[in-house]
Amino acid sequence: MFLSIATTHRPATDLGFLLHKHPDRLHETDLSFGKAWLFYPQASVERCEAVLLLDVDPIGLVRGKGRAEGLLDQYVNDRPYAASSFLSVALNKTLRTAMTGISKERQQLADSDLLLEAAVAPLPMRGGEDLVRQLFEPLGWTVDLTPIENVGSDANGSRYCHLKLSGSAKLGNLLNHLYVLIPVMDDAKHYWVGEAEVDKLLSSGEGWLENHPAKNLIVRRYLRNRAVLTRAALERLAPETASEALPPEARVTPEEALEAPVRLNDLRLDAVVDAIRASGGTVIADLGCGEGKLLYRLVRERWVHKLFGLDPAVRELEWAAKRLKLNEFGGPPEGRVTLLHGSLTYRDSRWAEAEVAVLVEVIEHVDEDRLPLIERIVFGETAPRTVIVTTPNADYNALFPKLEVGAFRHPDHRFEWGRAEFQAWAAKIGQAYDYTAAISGIGAEDPVLGSPTQMAVFTR
């Protein structure tokens, strides 16, 4: 099976910079199910074409599975030949950086719409030619289908085709369209579909999937019709329509959704990610990153170019590395995420290039007499353009029925500030280090006691 990408943008050989693959070389990638090659059959100023050729090992797919009933069906099928999730995995592993839209040498070009062509063959059409058009045409692609006759044909016509797409778009968008929609056309996957697939789908579908007219079908097929995962994905895309793609027995009524407990940690991370995005910063340092929950959110955002995670606990950094799959298949490109063992009480040049520094529920773990040292390191010496700080609102503690009067929410907290104390601290920072602070609450707001978490976004 193969996938080709071509452009007539001049000089067309800039395609090599966008794909991070030199046109003069043959690029080989070993996969658990076979091998992929990327090469350029044409590389001229007028036109450049890159081809991803995938060779799936059908024997390797079933080796070691024993003499189970139906084993012959695992040998004799279209898996080694038809475009499927195998091709999507090969695409992601071979062109992962290009899919993020990042190009060190040609970033302006990566951010621009180019005249592009793509070809996939053979592509399964489980749903017919109309479905292929319903998937790709709303994304602005001109679709040219050539049925492959006498191969898997049935009463409804050929089940396979040669697909050609043409149009103007960012290269990263085209690659993500193909990554998601090829398995949707096949309506199958060669690996177990779990919760991680929701994150992959939403990451690759960012900016287009939420408004696609076939959104429900795409989500359902991509997640192999697993109702729980489909509902979770649709809720994150558009909460008000999440149940439309589910069978009646799997739907959640508005009353049930309203009564479901809201996790403050999720709201806090959502608010922080939104604040980072609004700041315009793309190089971010998570100071006190712990096990990497915020980094895990941010690494899926294509606008994030580089991440640093700093923590004094080696064990926490080990958990973060596992969560992020650093140096593993499916993890971020090398150099995009750097985990650092260190302390905020020392100046550390390793994260000094950060445009945004984030301290999520960190300052309350520091003795108040040591806080000025951290203030000087972060706001004075490193001085990123934006600093985001969240901390508990002590005023709200009265609403926690199981929390004793005067007690802190966590035994390791050295202090907890009410809203007035936090505002005074923010004003002091602004005056001392020339920052302005915008303060807001996170979580359900009590009319008297405020929100459970308070956040300050400092801008230099």
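A brief look at the structure comes next.

### Focus on the pattern of salt bridges
- Here the structure, examined in full by the defined rule, presents 26 salt bridges.
- Between D274 and R277 there is a salt bridge; the shortest N-O distance is 3.0 Å. Taken together, the residues D274 and R277, both in helix α13 (residues 264–279) and three residues apart, mark about one turn of the helix.
- Among the residues examined, R277 registers a relative accessible area of 34% and is labelled partly exposed.
- Linking D367 and R414 is a salt bridge whose minimum nitrogen-to-oxygen distance equals 3.1 Å. With a gap of 47 residues between them, D367 in the loop between β11 (356–360) and α16 (371–382) and R414 in the loop between β12 (386–392) and α17 (419–433) connect regions that are remote in the sequence.
- With a relative accessible area of 34%, D367 lands in the partly exposed category.

### Re the nonpolar core
- Residues L54, F136 and L178 are the most contacted members of the largest nonpolar core, which totals 70 residues.
- Broken down by element, this core gets its largest block of residues, ten residues, from helix α8 (residues 171–186).
- Of all hydrophobic cores here, the second largest spans 30 residues; its members include A354, L359, I363 and V387.

### Looking at the environment of S343
- Within the secondary structure, S343 sits in the loop between β10 (337–341) and β11.
- Polar contacts involving the side chain of S343 include one to the side chain of T345, which spans 2.8 Å.

### Quick look at the side chain of R300
- Following the sequence through the fold, R300 ends up in the loop between α14 (293–298) and β9 (306–311).
- The contacts of R300, once residues within four sequence positions are left out, are D199, S203, E206 and R236.

### With respect to the pairing of β10
- With five bridges joining them, β9 and β10 adopt parallel strand pairing. From the neighbouring strand, L310 faces β10, where its bridge partner is L340.
- Following the chain from β9 across helix α15 (residues 314–324) to the adjacent parallel β10, one finds a crossover that is right-handed.

Conventions and cut-offs
- Residues numbered from 1 in each chain as written.
- Predicted model: local features only at pLDDT ≥ 70, side-chain atom pairs only at ≥ 80, totals over all residues.
- Heavy atoms only, no water.
- Salt bridge = Lys/Arg side-chain N within 4 Å of Asp/Glu carboxyl O.
- Helix = DSSP H or I, 4+ residues; strand = E, 2+ residues; numbered from the N terminus.
- Buried < 20%, exposed > 50% of the residue type's maximum accessible area, 1.4 Å probe, protein only.
- Core = buried A, V, L, I, M, F, W, Y, C linked by side-chain atoms within 4.5 Å.
- Polar contact = N/O pair within 3.5 Å; in protein donor to acceptor, adjacent residues only side chain to side chain.
- Contact = heavy atoms within 4.5 Å.
- Pairing = 2+ DSSP bridges.
- Right-handed = clockwise from strand over helix to strand, strands pointing away.

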